[in-house]
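Spelled out, the chains give:
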Amino acid sequence: METKNKVLEAMKQLVVPVNAGKIVEFTGLDKKEVDKAMQQLKTDGSIESPKRCYWQPKA
């Protein structure tokens, strides 16, 4: 599974808005990989930020 998909799936499982650090904790992925994947998800509009530095999948 692509890192981007793993990050998005982790966000869905965690239910609440999360930051990159929480995703790293939950998935065990490298922080740089998570940051890169989150940037891609932001760019393609898959995630949104309900509050500063926290992200969730778009509804």
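Data block above holds the structure.
All of these numbers come straight from a predicted model, not from anything done at the bench.

Colleague: Would you mind going over helix α1 (residues 3-14) with me for this structure?
Modeller: Residues separated by three or four positions in an α-helix point in the same direction, a consequence of the helix having 3.6 residues per turn. The terminal C-alpha atoms of α1, which comprises twelve residues, lie 16 Å apart, in line with the 16 Å expected from a rise of 1.5 Å per residue. Residues of α1 that are buried include every one of V7, L8, A10, M11 and L14, and no others. On an axial view of α1, the arc spanned by its buried residues comes to 155°, and they lie on one face. Directly beyond the C-terminal end of α1, a positive phi value near 70° is found at V15.

Colleague: So what exactly am I meant to see when it comes to unusual backbone geometry here?
Modeller: Glycine aside, residues mostly have negative phi angles, and peptide bonds mostly take the trans form. Phi angles above zero are rare outside glycine, and V15 is one such case at about 70°. Turning to its location among the elements, V15 is positioned in the loop between α1 and α2 (20-27). For V15, a relative accessible area of 64% corresponds to the exposed category. Phi angles above zero are rare outside glycine, and C53 is one such case at about 70°. Looking at the secondary structure, you find C53 in the loop between β1 (47-51) and β2 (54-57).

Procedures and definitions
- Residues numbered from 1 in each chain as written.
- Predicted model: local features only at pLDDT ≥ 70, side-chain atom pairs only at ≥ 80, totals over all residues.
- Heavy atoms only, no water.
- Helix = DSSP H or I, 4+ residues; strand = E, 2+ residues; numbered from the N terminus.
- Expected span 1.5 Å × (residues − 1).
- Buried < 20%, exposed > 50% of the residue type's maximum accessible area, 1.4 Å probe, protein only.
- Arc of directions from axis to C-beta.

Nothing here speaks to function; it is all geometry.
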